[in-house]
Amino acid sequence: MKRILIISSSQIFPPQSGGQLRTASLARGLVNAGFEVSLYSLTGRKSEYLRGLGSTRSEIEPGLNEFVDRSRIFGVLQWATYRLGLPDVWISLPFPPPHTLESEIERCDVLIADFPFTTRFAALKKTGLRVMNCHNLEFERYGKSFWSQEVLVPLIKRFERKAAQRVDLVLVTSENEKRFYDGIQEVLVVPNAIQPRNKLGRDEMRTQLGISSEERVVLFAASQYGPNLEALERLKQFVEL
């Protein structure tokens, strides 16, 4: 059985944001396709650090497990980056990879770097397929200030293009992202989606939730993060049309 390793900057299970849902759905889809999938998450969650919890490995379901590295240094770097409103640039710092991660990379047949910033670890994978899983174009997250447009956005654009050159395949969510990476690397569009764990059919689920067959339902799964709130406002405007 082929082994797939997904490297993430933060803990994925249980999913608590739209980005985590994308990665979780990708992992589960690969398990359903017959692969053995391991996640290596470089940081855990705030509540677990406050409880003094160390690094753990958990079986999510048969064929799927997640190792959460709760290094205090990584946790502080992730927190500081988030507070400054920056992408996960801390991962690009030239620190040696954890030994556990090196071992996981050696064992896997396919390496998937979640977001462009974890592609630095793709260099450690000398054989096998290397993939980058994109959630969006990172440079589009930033506003119209001089700092953003003249400094931050060009830097992140260059980083995203360089990240694509480190892998063999890029997974994107939309045709817009595909156009950005076309000509740099092979690209495959994998739209965002979730696979309901409930085995009920559509009609049974509507009945259970009290939703009539005539009503249209839009599910927007995301955290209260700036870009998500902007997207939610656009979605509300669309629904009102």
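Presented here is an overview of the structure given in this document.

Thresholds applied
- Residues numbered from 1 in each chain as written.
- Predicted model: local features only at pLDDT ≥ 70, side-chain atom pairs only at ≥ 80, totals over all residues.
- Heavy atoms only, no water.
- Helix = DSSP H or I, 4+ residues; strand = E, 2+ residues; numbered from the N terminus.
- Buried < 20%, exposed > 50% of the residue type's maximum accessible area, 1.4 Å probe, protein only.
- Contact = heavy atoms within 4.5 Å.
- Pairing = 2+ DSSP bridges.
- Axes fitted to C-alpha atoms, helices over the stretch in contact; angles between N-to-C directions.
- Phe/Tyr/Trp six-rings, centres within 6.5 Å; stacked < 30°, edge-to-face > 60°.
- Lys NZ or Arg CZ within 6 Å of the ring centre and 35° of its normal.

Before going further, it helps to examine unusual backbone geometry. For the bond from Phe 13 to Pro 14, the omega torsion is -10°, close enough to zero to count as cis. In this fold, Pro 14 is placed in the loop between β1 (3–8) and α1 (18–32). Backbone geometry at Phe 115 places phi at a positive 75°, although glycine is not the residue there. Along the chain, Phe 115 turns up in the loop between β5 (110–114) and β6 (129–133).

Turning to its location among the elements, Ile 105 is positioned in helix α4 (residues 99–107). Its relative accessible area of 3% is what places Ile 105 among the buried residues. Once residues within four sequence positions are removed from consideration, Ile 105 is found in contact with Leu 5, Ile 7, Leu 111, Phe 121, Leu 124 and Lys 125.

If you trace the eight strands from one edge of the open sheet to the other, you get β3-β4-β2-β1-β5-β6-β7-β8, paired in mixed fashion. A single partner strand is all that each edge strand has here, and the edge strands are β3 (56–61) and β8 (187–189). On average, each strand axis in the sheet is tilted by 20° relative to the strand beside it, whichever way the strands run. As paired elements, β3 and strand β4 (residues 64–68) share five bridges and run antiparallel to each other.

Turning our eyes to something else, we now look at the packing of aromatic side chains. Applying the stated criterion across every chain yields a total of eight aromatic pairs. Consider the rings of Trp 90 and Phe 95, whose centres lie 6.2 Å apart with planes at 20°: the pair is stacked. Across the ring face of Phe 95, the terminal group of Arg 120 is positioned such that the distance to the ring centre comes to 4.6 Å. When the ring centre of Phe 139 is taken as reference, the NZ or CZ atom of Lys 157 above it lies at 4.8 Å.

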